[in-house]
Amino acid sequence: MASIFEADLKRQIKEKNMSNCYLFYGSEDYLKQFYTEKICKTFVTEGSETFCLRKYDGKDDALDDVFEGASSMPFMSEYCVVVARDFPLDSLNNDDKDKLTAYLENQPDTSITIFWFDSIEVQPKVAKWKWVIENFTKLATVVNFEKPVGRNLLKLICAYASKQGCVMNENTASYLVETAGDSLNVLFNEIQKAVNFTGQGNEITRECIDSVAVRSLEAKVFDLSKLILNHNPQGALELLHILMMQKAEPIDIFGVILTAFVDIYRVKVSTSGGESITYSAKIFDYRNKDFRLKNAGGYAKNMSMEQIRQCFDCFAEADRALKSTAQSGELILEKLIVKISLIIAR
């Protein structure tokens, strides 16, 4: 069979030219669920769900149940659709591996079986998962649903807003990603809230997003980083206290602050070498996050490379303290904020 892209799957569904077995995995949860449900709705006639739609969960059901369900004959529908969610195919014993291979080699023509992973993370480079993906690629059809990136993501957001009866431009969509992250499930939920807030037929603006959207932890900590970089250590300490009250992990906060300074360093190196502010996006993974480099541009301009190096010395010290001492994580971060603020202020 093959490994295909989302566009290929979309065409298969439209043309009703389906494989009999699919493996759905990847980082974009919304698309995995969306296409699973779309296949169910397209190929199971309304009213025949009892006979032709069978759903299994790896937490409660056995792999044999999936194979038995796939062997059922459809009634009132062309296919029997079988959905197998979160089966740990990477940890099958030898007997179940043989059964899975035998099933893939002899797929019933009357069923469409979808193995999809929601809470289980598929790691294609790990040997056990590699075996799974190679077998499904050879004998079935594999779709890796990665997060949409760049303008493709912004277009999806704007299109979704339009379907809900509101207008949103790409600049506002980019601001929403910056605020809430790049998960489509989260983004579409925030758009629904924005539509309810502003009303159908109106435009969703940045002000609307600020009013209703829940900022991700990453966005909140980047706000903290901005307070440090804008010479407001008191505001940064107050926001740190709020994050700790909300049970944020010190190591997570530390990581995001460090990331902000890594962005500044990369921009500094790029611009010092005559490249653009966003040059690092060509080398490192800034999918849907190249706005971070643009935000870092002004700060990089106002900091010397020596100041940046001294800040990284402070990060190294804080990292060791967080990982090797019983000292309060909040206290370590407070010291880090003060030290960095003093370096930036010189």
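For the structure given in this document, a descriptive report is provided here. Each residue is numbered by its place in its chain's sequence as written, counting from 1. This being a predicted model, a pLDDT of at least 70 is required before a residue's local features are given, and a value of 80 or more before pairs of side-chain atoms are given or counted; all residues contribute to the totals for chains, interfaces and linings. Heavy atoms throughout the structure, all of them, feed into the side-chain values; hydrogens and water do not.

**Topic: the overall build of the chain**
As a reminder, the rule being used: Helical segments are the DSSP runs of H or I of at least four residues, strand segments are the runs of E of at least two, and each set is numbered from the N terminus. We call two residues in contact when some of their heavy atoms are within 4.5 Å. Per-residue accessibility takes into account occlusion by the displayed protein chains alone, with areas from the Shrake-Rupley method and a 1.4 Å probe. The charge count includes Lys and Arg as positive and Asp and Glu as negative, but it does not include His or the ends of the chains. Charge coordinates come from a single atom per side chain, which is NZ of Lys, CZ of Arg, CG of Asp or CD of Glu.
Counting its regular elements, the chain contains 16 helices and six strands. Over its C-alpha atoms, taken along the principal directions, the chain stretches across nearly 75 × 55 × 45 Å. Partitioning the intrachain contacts of the chain with sequence separation of at least 6 by distance along the chain shows that 74% fall at a separation of at least 24. Accessible area of the chain: about 17900 Å², with a carbon and sulfur share of 50%. Counting 41 positive and 48 negative side-chain charges, the chain places the centres of these two groups 6 Å from one another.

**Focus: the packing of aromatic side chains**
Where two aromatic rings form a pair, the distance of their centres and the angle of their planes describe that pair. The following threshold applies: Working definition: a ring pair exists when centres of Phe, Tyr or Trp rings (six-membered ring for Trp) sit within 6.5 Å. Plane angles under 30 degrees give stacked, over 60 give edge-to-face, the rest tilted. Each residue is placed in one exposure class: buried if its accessible area under a 1.4 Å probe, protein chains only, is under 20% of its type's maximum, exposed if it is over 50%, and partly exposed if it falls in between. Criterion for a charge above a ring: Arg CZ or Lys NZ at most 6 Å from the ring centre, at most 35 degrees from the ring normal.
Tallying each qualifying case throughout the model produces 16 aromatic pairs. An angle of 80° between the planes, with centres 5.7 Å apart, marks the rings of F43 and Y79 as edge-to-face. With F43 in helix α2 (residues 29-43) and Y79 in the loop between α4 (63-70) and β4 (80-85), the pair connects residues that are 36 residues apart, well separated along the chain. Ring geometry for Y265 and F312: centres 6.0 Å apart, planes at 90°, overall edge-to-face. Within this pair, whereas Y265 is found in helix α13 (residues 250-272), its partner F312 is found in helix α15 (residues 305-324), the two being separated by 47 residues in sequence. Since its relative accessible area comes to 24%, F312 is described here as partly exposed. K97 extends its terminal NZ or CZ atom over the ring of W131, reaching a point 5.0 Å from the ring centre. Its end group placed over the ring of F284, R266 keeps NZ or CZ at 3.6 Å from the ring centre.

**Brief notes about the nonpolar core**
What counts here: Residues grouped as a nonpolar core are buried Ala, Val, Leu, Ile, Met, Phe, Trp, Tyr and Cys residues, joined through side-chain atoms within 4.5 Å.
The biggest cluster of nonpolar side chains holds 46 residues, and the ones touching the most others in it are L9, F24, I39, I191 and I204. For I39, the residues in contact, after removing those within four places along its chain, are L9, I13, M18, F24, V44, V81, I112 and I114.

**Some thoughts on the pattern of salt bridges**
This is how the line gets drawn: One speaks of a salt bridge when a side-chain nitrogen belonging to Lys or Arg is within 4 Å of a carboxyl oxygen belonging to Asp or Glu.
The full count for this structure, using the stated rule, is 20 salt bridges. For the salt bridge of E218 with K289, the shortest nitrogen-to-oxygen distance reads 3.6 Å. With E218 in helix α11 (residues 217-229) and K289 in the loop between α13 and α14 (291-302), this pair connects stretches of sequence that are 71 residues apart. By relative accessible area, K289 is classed as partly exposed at 24%.

**Quick notes on the sheet that holds strand β1 (residues 2-4)**
Heads up, the condition is: When DSSP finds at least two bridges between two strands, those strands are taken to pair. Only the stretch in contact is used when a helix axis is fitted, and all axes are lines through C-alpha atoms; the angle between N-to-C directions ranges over 0 to 180 degrees.
Spatially, β1-β6-β2-β5-β4-β3 is the arrangement adopted by the six strands of the open sheet, whose pairing is parallel. Each edge of the open sheet carries a strand with a single partner, namely β1 and β3 (53-57). On average, each strand axis in the sheet is tilted by 20° relative to the strand beside it, whichever way the strands run. Packed on one face of the sheet, helix α1 (residues 6-15) meets β1, β2 (21-25) and β6 (141-144) and runs near 100° to β1. Contacting β1, β2, β5 (111-116) and β6, helix α6 (residues 127-139) runs over the sheet at an angle of about 140° to β2.

**Details of the pairing of β6**
Across three bridges, β1 lies against β6 in parallel orientation. Its bridge partner lying in β6, A2 is registered against T141. Pairing of β2 with β6, which is carried by four bridges, proceeds in the parallel orientation. Looking across to β6, one finds that F24 is bridged to V143.

**Considering the side chain of S280**
Looking at the element boundaries, S280 is found in the loop between α13 and α14. Once you skip the residues sitting within four places of it in the chain, S280 turns out to touch R266, S270, Y286 and L293.

**Focus on a nonpolar patch on the surface**
Inclusion rule: Patch membership needs two things, relative accessible area over 30% and no salt bridge, and members are linked within 9 Å if like-charged or within 5 Å if nonpolar (Val, Leu, Ile, Met, Phe, Trp, Tyr).
A contiguous nonpolar surface patch, about 320 Å² in accessible area, is contributed by F51, F75 and M76. Within the secondary structure layout, F75 lies in the loop between α4 and β4.

**Structural notes on unusual backbone geometry**
A positive phi is found at M76, a non-glycine position, where the angle reads about 75°. Along the chain, M76 turns up in the loop between α4 and β4. For D86, which is not glycine, the phi dihedral falls at a positive 55°. Positionally, D86 belongs in the loop between β4 and α5 (94-105).

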